[in-house]
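The primary structure of each chain is shown beneath.
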Amino acid sequence: MHDLAEQIDAGIPAPPGRSADLDGVLRDGRRALRRRRLAVGGGAALAVVAVVGGSAWAFGPGGSTATAPDDTRLAGEPSAEPATDITDAAAHYEARTGELVVAEGWEIVERVEDPITGIAPTDFPMPVVDDSLGLALTDGSAEQWLIVYWGARQADDPSSGVSGAVIEPPGVRFDRFGHWLDLEVARLLSVPGGDIWGPDAAMYTPDAGLVTKPGWEVAERIDDVAGKDTLAVDVVRADDPDRHQWFLFSLRMTISTLHAPAPGYPTFQSWIEVNAPLLPGGGGGGADTGPSGDGDWPGVERDDLVAFSPGGALEPLPGVSLLEQRSSPDLPESFAGPDDVSAVALVEKDGERWFVLARDLADSPAQYIAVPAAEGGGTIAEFLELARERYAEGGGGLL
Amino acid sequence: MSQADREASYVEFVASRRDRFRRVAYALTGDWHRADDLVQTALVKLYVAWPRVHRNGAEEAYLRTILVRASIDESRRPWRRERATDTVPEGPGPQPTSVEDRSALVDALQSLPPQQRAAVLLRHWLDLSVAETAKELGVNEGTVKSHTSRGLAALREVLVIADAG
């Protein structure tokens, strides 16, 4: 394959022009770092307290265990069992080395790198978070979602490390790991007046609904503008009535113009009329209807393996052994939305093992997609990894 | 690590590697503007994480991972954006790349699904192992093998067609 590498190398041209000034990169880097390191006093403490509504916090400094910080909960918030020891977490950073340690019997099923690396909320036990991971883990029966983090108390002395974790029990506040992590991180990074949102002044998720950046207000909102669960929003900066941004949201797509009015669109309504049909379900197709280019779909619909019970669990049909199942697996919304019933199972029939991905959508009969275990990976976690790729790429998922 | 030390080591690394990573980003995106945006984003992330990444000697892998994952995420995320910027880019930027100017290989790469494209480039250009490629893409090794074999098959086919034409 050596000549293949040479061929590829020869086919990738040298960059045209010269690189942008390094000073610009440094300026952006310093700005990003400052943003993450903002010492925000009372405001941050309040934000952190708000965040722990359904989460437990645990810190482990220097390899020993410390008392957890204030786990005050807001009235009316769902509660979770507070962690009193970092060993309650299914994974943590070893404080002295910064190495990730996963508790025996637990397996990482989802991993997001560096969700809060670089930040320094005042409630955290280190000056700056040097390393962090978002993790979803399972021990086969229970699940746990975590943000684990590690930092050195003295920047030049890694052995002064201290580690911590934010623990969320799945299903209490959020059905999906990704939703919880996005919102948790957004809130941890949220500083009034700060620019941590990036350029967007609004975001929309099924769990949090419409959220506007601090200092911005909703000027106009049109629900169901292009079908169910779509939304058009005009937001305006509170201190500058001429600064508008326009958004079209659906669960799977966002269209925005960050300096409204956009060229060629004198009014919000005229912009909506042209762009709303582009949303999935909006009549124009959207971006997720194209083929992925990979035509090998291993799934087949089977109605003889499992069926949903009235409670939403999968039950084996006659002659089938149900070996393992999980409800509401974390899959892209092209497979099932947050309010849809879904599940994944490993079953055995006639000596053959199958993974079954099942969904019961509001407007169609339940569907059971079976993939031979040999083609779907050795474990449910591996099969879900395959399913995530397929449904993220569009083009029909597993079928 | 003081800010001066941090920036000195960071600048030294970036100055020596940036054009290499611009090429990687171009191979992933097929567009110099998108490639430079991708590199800029990755370099800012690298700056934030620099003390840890530098201490671990993982600078190249970190930057490459960000580029690869960001390019795949970008292709998956159905965002369509009309974006105006507040700042004028400094210095002469890269020239637009017309489709005609792109090499047959770059065109062929762009015809692949993003994960196949990344898998082929990581395995057969950047010389990562199957395990390293799997880690980089966040998929299992079987998926890497599948992506690379399909990607190479499509690549060869397209190149042959291009040559014949």
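Remember, it's a predicted structure, so these values are computed and weren't measured experimentally.

*Asks:* Looking at this model, I keep getting lost on the overall build of chain B. Mind explaining?
*Replies:* A tally of regular secondary structure across chain B gives 7 helices and 1 strand. Mapped in sequence order, the helices and strands of chain B form the string α-α-α-β-α-α-α-α. For chain B, the proportion of its 165 residues judged to be buried stands at 47%. Intrachain contacts of chain B at a sequence separation of at least 6 include 68% that bridge at least 24 residues. Of the accessible surface of chain B, which amounts to about 7,800 Å², a share of 51% is contributed by carbon and sulfur atoms.

*Asks:* Whenever I open this one, the overall build of chain A confuses me. Can you help?
*Replies:* Secondary structure assignment for chain A yields 7 helices and 20 strands. A burial count over chain A gives 47% of its 399 residues as buried. Of the roughly 17,500 Å² of accessible surface on chain A, 50% is carried by carbon and sulfur atoms.

*Asks:* How do you make sense of the packing of aromatic side chains when you look at a structure like this?
*Replies:* Each pair of aromatic rings is reported with the distance of its centres and the angle of its planes. Residues and elements named next belong to chain A. Considering all chains together, one arrives at 11 aromatic pairs over all chains under this definition. A centroid spacing of 5.3 Å and a plane angle of 5° characterise the contact between Phe-247 and Phe-249, whose relative ring orientation is stacked. A relative accessible area of 0% places Phe-247 in the buried class. Accessibility expressed as a relative area gives 2% for Phe-249, which makes it buried.

*Asks:* Explain the pattern of salt bridges to me, please; I cannot follow it from the model alone.
*Replies:* It is possible for side chains bearing opposite charge to pair when their charged atoms get close. All names here are of chain A. Evaluation of the coordinates by the stated rule reveals 11 salt bridges over all chains. One salt bridge in this structure joins Arg-302 and Asp-304, with 2.8 Å as the shortest N-O distance. A salt bridge links Lys-349 to Asp-304; the nearest nitrogen and oxygen atoms lie 3.1 Å apart. Note that Lys-349 is positioned in strand S18 (residues 341-349) and Asp-304 in the loop between strand S14 (300-301) and strand S15 (306-308), a separation of 45 residues in sequence. The partly exposed category is assigned to Asp-304, whose relative accessible area is 24%.

*Asks:* I tried to follow the nonpolar core on my own but got confused; where do I start?
*Replies:* As a rule of thumb, soluble globular proteins bury nonpolar side chains together. Among the nonpolar cores identified, the biggest contains 52 residues, and A:Ile12, B:Tyr10, B:Leu46 and B:Leu67 are the most heavily contacted of them. With 11 residues, helix H2 (residues 32-55) of chain B is the single largest residue contributor to this core. Beyond its immediate chain neighbours, meaning those up to four positions away, A:Ile12 contacts B:Arg23, B:Tyr26, B:Ala27, B:Leu105, B:Val106, B:Leu109 and B:Trp125. In terms of nonpolar packing, the next biggest core, distinct from the first, is built from 18 residues, A:Ile147, A:Phe174, A:Leu183 and A:Val185 among them.

*Asks:* It is not clear to me how the side chain of A:Lys349 should be interpreted in this structure. Could you clarify?
*Replies:* Classification of A:Lys349 as buried rests on a relative accessible area of 17%. Discounting residues that sit within four places of it in the chain, A:Lys349 has contacts with A:Arg302, A:Asp304, A:Leu305, A:Gly319 and A:Val320.

*Asks:* What should I look at first to understand the sheet that holds strand S20 (residues 367-372) of chain A in this one?
*Replies:* Sheet strands pair by backbone hydrogen bonding; their relative direction is either parallel or antiparallel. All names here are of chain A. Strand order in the open sheet formed by 5 strands is S14-S20-S19-S18-S17, and the pairing between neighbours is antiparallel. Whereas interior strands pair on both sides, the edge strands pair on one side only; in this sheet they are S14 and strand S17 (320-327). Here 2 bridges tie S14 to S20, and the two strands are oriented antiparallel to one another. Within S20, the residue paired with Glu-301 across the bridge is Ile-369.

*Asks:* Got a minute to help me understand the confidence of the model for chain B in this structure?
*Replies:* Should pLDDT be low for a region, the predicted coordinates there are not to be read in detail. Residue and element names in this part refer to chain B. Taken as a whole, chain B shows an average pLDDT of 75; of its residues, 75% reach a score of 70 or greater. Mean pLDDT values over the elements of chain B span from 37, in strand S1 (residues 79-82), up to 91, in helix H5 (residues 114-124). Below pLDDT 50 for its whole length, residues 77-101 participates in 47 contacts with residues either more than four positions away or in separate chains. Model confidence for the complex: the whole-complex pTM is 0.41, and ipTM, which rates the interface, is 0.79.

*Asks:* Before we go on, may I ask you to explain unusual backbone geometry in this structure?
*Replies:* Glycine aside, negative phi is the norm for most residues, and most peptide bonds take the trans geometry. Positive phi, close to 45°, is recorded for A:Ser328, a residue that is not glycine. Within the element layout of this structure, A:Ser328 appears in the loop between S17 and S18. You can call A:Ser328 partly exposed: its relative accessible area is 35%. One non-glycine residue with positive phi stands out, namely B:Asp127, at about 65°. Looking at the element boundaries, B:Asp127 is found in the loop between H5 and helix H6 (130-137).

*Asks:* Any chance you could explain the confidence of the model for chain A here in plain terms?
*Replies:* All names here are of chain A. Of the residues in chain A, 68% reach a pLDDT of 70 or more, and the chain-wide mean stands at 70. Confidence over residues 191-196 falls short of pLDDT 50; this stretch has 13 contacts with residues more than four positions distant or in other chains. This stretch, residues 282-296, has a pLDDT under 50; its non-local contacts, to residues over four places away or in other chains, come to 29 contacts.

*Asks:* Mind showing me how you'd approach the environment of A:Pro241 here?
*Replies:* Residues and elements named next belong to chain A. Along the chain, Pro-241 turns up in strand S12 (residues 240-249). Exposure remark for Pro-241: the relative accessible area of 60% places this residue in the exposed category. As a C-alpha pair, Pro-241 and Ala-219 span 22 residues in sequence and 9.7 Å in three-dimensional space.

*Asks:* Just checking my understanding: could you explain the pairing of strand S5 (residues 131-138) of chain A for this structure?
*Replies:* Within a regular beta strand, the side chains point alternately toward one face of the sheet and then the other, so they alternate between its two faces. Summarising burial for S5(A): 8 of the 8 residues are buried, a large majority. Side chains A:Asp131, A:Leu133, A:Leu135 and A:Leu137 project from S5(A) onto one buried face, and the interleaved A:Ser132, A:Gly134, A:Ala136 and A:Thr138 project onto a second face that is buried too.

*Asks:* What should I look at first to understand the packing of H5(B) against H6(B) in this one?
*Replies:* The relative placement of two packed helices is expressed as an angle between their axes plus a distance between the axes. All names here are of chain B. Direction vectors running N to C along H5 and H6 enclose 140°, while the axes themselves pass 10 Å from each other. Classed by the angle they form, the pair H5 and H6 counts as oblique. Considering only the axes of H5 and H6, their crossing is right-handed. Packed against H5, whose contacting residues are Gln-115, Ala-118, Ala-119, Leu-122 and Arg-123, the element H6 presents Val-130, Thr-133, Glu-136 and Leu-137 at the interface. Its residues assigned to classes, the contact of H5 with H6 comprises 5 nonpolar, 2 polar and 2 charged.

Quick notes on the rules
- Residues numbered from 1 in each chain as written.
- Chains lettered and ligands numbered in written order.
- Predicted model: local features only at pLDDT ≥ 70, side-chain atom pairs only at ≥ 80, totals over all residues.
- Heavy atoms only, no water.
- Helix = DSSP H or I, 4+ residues; strand = E, 2+ residues; numbered from the N terminus.
- Buried < 20%, exposed > 50% of the residue type's maximum accessible area, 1.4 Å probe, protein only.
- Contact = heavy atoms within 4.5 Å.
- Areas by Shrake-Rupley, 256 points an atom, 1.4 Å probe, with all protein chains shown as cover.
- Phe/Tyr/Trp six-rings, centres within 6.5 Å; stacked < 30°, edge-to-face > 60°.
- Salt bridge = Lys/Arg side-chain N within 4 Å of Asp/Glu carboxyl O.
- Core = buried A, V, L, I, M, F, W, Y, C linked by side-chain atoms within 4.5 Å.
- Pairing = 2+ DSSP bridges.
- pLDDT = per-residue confidence, 0-100.
- Axes fitted to C-alpha atoms, helices over the stretch in contact; angles between N-to-C directions.
- Parallel < 35°, antiparallel > 145°, perpendicular 65-115°, else oblique.
- Left-handed = near helix turned anticlockwise from the far one by under 90°.
- Nonpolar A, V, L, I, M, F, W, Y, C, P; charged D, E, K, R; others polar.

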